[in-house]
Amino acid sequence: MSDDSILALLVEDNPGDARLIKEALAEIGRPRFRLEWAENLGKAREILTQRQFAVILLDLSLPDSQGMDTVRRIEQAAPNTPVVILTGLDDEALAVEAVRSGAQDYLVKNDITPHLLTRVVRYAIERQLISESLRASEARLSALFENMSSGVAVYQADRDGQEFIFSAFNQAAERLDQISR
């Protein structure tokens, strides 16, 4: 995002739908969206090798990719870019699957309003930033845990405290107790 604008990649094969999305994003005014359009997944992947986007707006039914495979392939091409699904399919199970696969949100095209689309895009970007921050924090904690000189074992009581299940055991604990994870 530069100069208070959001660079978005729209992956949509229908020119009419692409125009409606562009108009919906332009209607809000702030934040300002700069939209680049790809008519298929191959073109989108090519564009993603050339520049980064704040968000990807992705149709699930493209000439060269369909359904969840489309989400997986776009995530491979831009793993740290939030993806919002825009589709004509009002399918709750597919929506849940898309979010579980990494999409930030799922919108049915017929339900899209300028305000809703803008809010979803902004929240998707923020959730992605929070997720990246959490991953970095977890990596630091894991490195600290593994490399500290004190032996640490994390366990949970089971069967009313009669048994214990170890969920983590650092390298120092392995050396001190002379056991292997």
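See the structure printed just above.
Residues numbered from 1 in each chain as written. Predicted model: local features only at pLDDT ≥ 70, side-chain atom pairs only at ≥ 80, totals over all residues. Heavy atoms only, no water.

A. Region of the structure containing the sheet that holds strand S2 (residues 32-38). Strand order in this open sheet of five strands is S2-S1-S3-S6-S7, and the pairing throughout is parallel. The open sheet terminates on both sides in strands that have one partner only, identified here as S2 and strand S7 (105-108). Across the sheet, the axes of successive neighbouring strands diverge by a mean angle of 25 degrees, strand direction being ignored. Where strand S1 (residues 5-11) meets S2, seven bridges bridge the pair, whose relative direction is parallel. Each residue of the ladder has a partner; that of Ile 6, found in S2, is Phe 33. The strands that helix H1 (residues 15-28) touches are S1, S2, strand S3 (55-58) and strand S6 (83-87); relative to S2, the one it contacts most, it runs at about 170 degrees. (Pairing = 2+ DSSP bridges. Helix = DSSP H or I, 4+ residues; strand = E, 2+ residues; numbered from the N terminus. Axes fitted to C-alpha atoms, helices over the stretch in contact; angles between N-to-C directions. Contact = heavy atoms within 4.5 Å.)

B. Focus on the side chain of Asp 59. Within the fold, Asp 59 resides in the loop between S3 and strand S4 (61-62). Of note is the side chain of Asp 59, whose polar atom sits 3.3 Å from the backbone nitrogen of Ser 61. In this view, Asp 59 contacts Val 11, Glu 12, Asp 13, Thr 70, Leu 86, Thr 87 and Lys 109; residues no more than four positions away in its chain are not counted. (Polar contact = N/O pair within 3.5 Å; in protein donor to acceptor, adjacent residues only side chain to side chain.)

C. Expanded view of the packing of H1 against helix H5 (residues 114-147). Axis separation between H1 and H5 bottoms out at 8 Å; the angle between their running directions is 85 degrees. In terms of axis orientation, H1 runs roughly perpendicular to H5. Where H1 abuts H5, its residues Ile 21, Ala 24, Leu 25, Glu 27 and Ile 28 lie against Pro 114, His 115, Leu 117 and Thr 118. (Parallel < 35°, antiparallel > 145°, perpendicular 65-115°, else oblique.)

D. Here's a closer look at the nonpolar core. Grouped together as the largest cluster of nonpolar side chains are 25 residues, with contacts concentrated most on Leu 9, Ile 56, Leu 58, Ile 74, Ile 85 and Tyr 106. Per-element accounting of this core gives the leading share, four residues, to helix H2 (residues 41-48). If we skip the residues at most four places from it in the chain, Ile 85 touches Leu 58, Leu 60, Val 71, Ala 98, Ala 103, Asp 105, Tyr 106 and Leu 107. Listed in part, the 21 residues of the second largest apolar core include Ile 6, Ile 21, Ala 24 and Val 55. (Core = buried A, V, L, I, M, F, W, Y, C linked by side-chain atoms within 4.5 Å. Buried < 20%, exposed > 50% of the residue type's maximum accessible area, 1.4 Å probe, protein only.)

E. A look at the environment of Ala 124. Assignment of secondary structure puts Ala 124 in helix H5. Along the chain, Ala 124 and Val 55 lie 69 residues apart, while their C-alpha atoms are 7.7 Å from each other. For Ala 124, the residues in contact, after removing those within four places along its chain, are Pro 82, Val 84 and Gln 104.

F. Looking closely at the packing of H2 against helix H3 (residues 68-77). Interaxial distance between H2 and H3 falls to 9 Å at its minimum, and their mutual angle equals 15 degrees. On the basis of the axis angle, H2 is roughly parallel to H3. Crossing of H2 against H3: the hand is right-handed. The segment H2 lies against H3, with Leu 41, Ala 44, Arg 45 and Leu 48 engaging Thr 70, Arg 73, Ile 74, Gln 76 and Ala 77. Here the residues of the contact of H2 with H3 are counted per class, giving five nonpolar, two polar and two charged. (Left-handed = near helix turned anticlockwise from the far one by under 90°. Nonpolar A, V, L, I, M, F, W, Y, C, P; charged D, E, K, R; others polar.)

G. Up close: unusual backbone geometry. Positive phi, close to 50 degrees, is recorded for Arg 159, a residue that is not glycine. With respect to the helices, strands and loops of the structure, Arg 159 is situated in the loop between strand S8 (153-158) and strand S9 (163-169).

H. Structural view of H5. A rise of 1.5 Å per residue sets the reference length of H5, with its 34 residues, at 50 Å; its end C-alpha atoms lie 50 Å apart and thus fit the reference within 8%. Those residues of H5 that fall on the buried side of the exposure criterion are Pro 114, Leu 116, Leu 117, Thr 118, Val 120, Val 121, Ala 124, Ile 125, Gln 128, Phe 145 and Glu 146. (Expected span 1.5 Å × (residues − 1).)

I. The pattern of salt bridges, seen in detail. A complete count under the given rule lists nine salt bridges for this structure. Residues Glu 23 and Arg 19 are paired through a salt bridge, measuring 3.2 Å at the closest nitrogen-oxygen approach. Of the two residues, Glu 23 and Arg 19 both sit in helix H1, four residues apart, roughly one turn of that helix. What makes Arg 19 partly exposed here is its relative accessible area of 46%. The closest approach of N and O atoms between Asp 105 and Arg 127, which form a salt bridge, is 3.9 Å. Of this pair, Asp 105 sits in strand S7 while Arg 127 sits in helix H5, and the two are 22 residues apart along the sequence. Counted as one network, the salt bridges with shared partners bring together Glu 12, Asp 17, Asp 59 and Lys 109. (Salt bridge = Lys/Arg side-chain N within 4 Å of Asp/Glu carboxyl O.)

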